[in-house]
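# Structural features, examined
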Amino acid sequence: MATSSGDNPTRGRWWLAAAGVLLQLALGAVYAWSTFSRALQSEDSAFALSKSQAALPFSVTIAMIFLGTYIGGRVQDVKGPRVVALTGGVVYAAGVLLAGFAVDSDQLWLLVLGYGVIAGFGMGLGYIVPVAMLQKWFPDKRGLITGIAVGGFGFGAVLTSPVAQSLVEIYPKVPTRAFLWLGVAYLVMTVVGASFFRNPPEGYRVPGWSAPTTGRVVATTREYGQGEALRTPQWYLLTAILTLNVTAGIGLISVATSAATDIAGYSTAAAATFTGVMGLFNGGGRIFWGWMSGLTGRTTAFAVMLAIQAVCFVILPHAASPVLFAVLGALVYLCYGGGFGAMPATAGDFFGLRNAGAIYGLMIIGWSIGGVIGPLVVANLISGTSYTAAFYTIAAMAFVAIALPLLTRPPRPQAPTEAETQP
């Protein structure tokens, strides 16, 4: 595991990537929320929540991620990745465990506090660390490695959905009891993964590689400070792109299980399986689009992702065929995950890697904003078992959003001042 100071300074970096994926698998279990949402809405449970109430813990979780990534990004740039990731993992697991003690609808507040506020904050602390750390170890594979770094997050639902479904079937009256078992598992996974984290040594270079100066992807040779990045229009444009990509994809994710049942006639078990399988596309999209963005250009990749989602949401409300619904859902999940795979590399190309944790950590506000808007728009526009108004609204937002990446260009290089280069 130790980094060699001899002929191969990159030795061991793929083990760090594996540790990052293990951490993200636990954090990404949040994407299995639709399984819990359906159980909490059941009349047989002690909760019997409405759709809007059942969406609330998930929305708060996503909203809190930004606060965690903002603090975690700044601290890890100064103190290193291990302490931040370990803290995030412990806080995340503690929040999930606390949510397991909510027993009925009168304790919805406890579910929101534990799963939403505390676990969401811990998730943000942990999430940002491998994203920033691995870019520093893999400057030669920036798009691919950021896709892998967050790919585990997308794959988290693949592991969690079938387990969660089994647990809520054991505890149909109080499905939140599942969180007690899951919280322990998350604690073990996050602590083990984070224990290996470290930044590369000062002066680290990949032998035989230099930053590209021409082509579809050009990495800046300047290291922007957080304050300087915030003074560029590009930071706001990239954050807006991320926000709208999240709004579209998470709008489906938040109701995936019920939509599969109501629109395409999936059984309860099949809908849970669908949610788990879709996690493969969420995770795979992060790796695929992270890699693809290096070939097409970062902003072109985002325009394509938004266009695909817009078309899918127009068709989804009428996709009565289970196969068609699955194909459309897979495309949405693929593009939703792709935004998280491509955006860290885009930010790194635009603003440099030295302060990547702080700069991209702030951009995660787009995830939080989209994570609140998407589920609430969908939940409030669903009429019975009709999703037409909800999904058409998301489609319109995605169509309009296509213009943003087409208008976004890297900042013009300028000579930095000494103050501007400080994080």
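Here's what I pulled together on the structure shown here. (Residues numbered from 1 in each chain as written. Predicted model: local features only at pLDDT ≥ 70, side-chain atom pairs only at ≥ 80, totals over all residues. Heavy atoms only, no water.)

Once that is clear, we can look at the overall build of the chain. Along its length, the chain carries 17 helices and zero strands. Here the C-alpha atoms of the chain give a radius of gyration of 21 Å, agreeing with the 22 Å that 2.2 N^0.38 yields for 423 residues. Relative to its 423 residues, the chain shows a buried fraction of 58%. Across the chain, the fraction of contacts at a sequence separation of at least 24, relative to all contacts at a separation of at least 6, is 84%. In the structure as shown, the chain presents an accessible area of about 15,500 Å², 67% of it carried by carbon and sulfur atoms. Of the charged side chains in the chain, 22 are positive and 15 negative; the average position of the first set lies 8 Å away from that of the second. (Helix = DSSP H or I, 4+ residues; strand = E, 2+ residues; numbered from the N terminus. Rg over C-alpha atoms; globule rule 2.2 N^0.38 Å. Buried < 20%, exposed > 50% of the residue type's maximum accessible area, 1.4 Å probe, protein only. Contact = heavy atoms within 4.5 Å. Areas by Shrake-Rupley, 256 points an atom, 1.4 Å probe, with all protein chains shown as cover. Lys, Arg positive; Asp, Glu negative; His and termini not counted. Charge placed at Lys NZ, Arg CZ, Asp CG, Glu CD.)

Taken together, the side chains of Val-311, Val-314, Ile-315, Leu-324, Tyr-392 and Phe-399 make up a nonpolar region of the molecular surface, amounting to roughly 480 Å² of accessible area. Counting only elements with at least two residues in the nonpolar patch, the list comes to helix 12 (298-315) and helix 16 (388-401). If one sorts the elements of the nonpolar patch by residue count, helix 12 sits on top with three residues. With respect to the secondary-structure elements, Phe-399 resides in helix 16. (Patch = residues over 30% accessible without salt bridge, like charges linked within 9 Å, V, L, I, M, F, W, Y side chains within 5 Å. Salt bridge = Lys/Arg side-chain N within 4 Å of Asp/Glu carboxyl O.)

A positive phi angle, close to 50°, is found at Ala-48, a residue other than glycine. By the element assignment, Ala-48 lies in the loop between helix 2 (33-41) and helix 3 (51-79). Ala-48 sits in the partly exposed class, given a relative accessible area of 32%.

Moving on: the packing of aromatic side chains. All told, the structure shown has 24 aromatic pairs when counted by the stated rule. With centroids separated by 5.3 Å and ring planes inclined at 80°, the aromatic side chains of Phe-288 and Trp-289 adopt a geometry described as edge-to-face. Accessibility expressed as a relative area gives 32% for Phe-288, which makes it partly exposed. Look at Tyr-387 and Phe-391: their rings are 5.6 Å apart centre to centre, the planes differ by 40°, and that puts the pair in the tilted class. Across the pair, Phe-391 and Tyr-387 agree in class, each one buried. Among the aromatic residues, those joined into a cluster by ring pairs are Tyr-127, Phe-153, Tyr-336, Phe-340 and Trp-367. One cation-aromatic arrangement involves Arg-222 over Tyr-224; the distance from NZ or CZ to the ring centre is 4.8 Å. (Phe/Tyr/Trp six-rings, centres within 6.5 Å; stacked < 30°, edge-to-face > 60°. Lys NZ or Arg CZ within 6 Å of the ring centre and 35° of its normal.)

Turning our attention to the nonpolar core. Tyr-127, Phe-325, Phe-340, Tyr-360, Trp-367 and Phe-391 are the most contacted members of the largest nonpolar core, which totals 120 residues. Per-element accounting of this core gives the leading share, 15 residues, to helix 5 (residues 108-137). Ignoring any residue separated from it by four or fewer positions in sequence, one finds Tyr-127 in contact with Gln-24, Leu-27, Thr-69, Val-150, Phe-153, Arg-286, Phe-340, Tyr-360, Ile-364 and Trp-367. (Core = buried A, V, L, I, M, F, W, Y, C linked by side-chain atoms within 4.5 Å.)

What follows concerns helix 1 (residues 13-27). For helix 1, spanning 15 residues, the distance from its first C-alpha to its last is 21 Å, which sits close to the expected 21 Å at 1.5 Å a residue. Within helix 1, the full set of buried residues consists of Arg-13, Leu-16, Ala-17, Ala-19, Gly-20, Leu-23, Gln-24, Leu-25, Ala-26 and Leu-27. (Expected span 1.5 Å × (residues − 1).)

Glancing now at the environment of Asn-380. Among the secondary structure elements, Asn-380 is positioned in helix 15 (residues 365-381). Given the relative accessible area of 53%, Asn-380 is considered exposed. Taking the C-alpha atoms as reference points, Asn-380 and Ser-52, 328 residues apart in sequence, are found 7.0 Å from one another. One polar contact links the side chain of Asn-380 to the main-chain carbonyl oxygen of Leu-376, over a distance of 2.7 Å. (Polar contact = N/O pair within 3.5 Å; in protein donor to acceptor, adjacent residues only side chain to side chain.)

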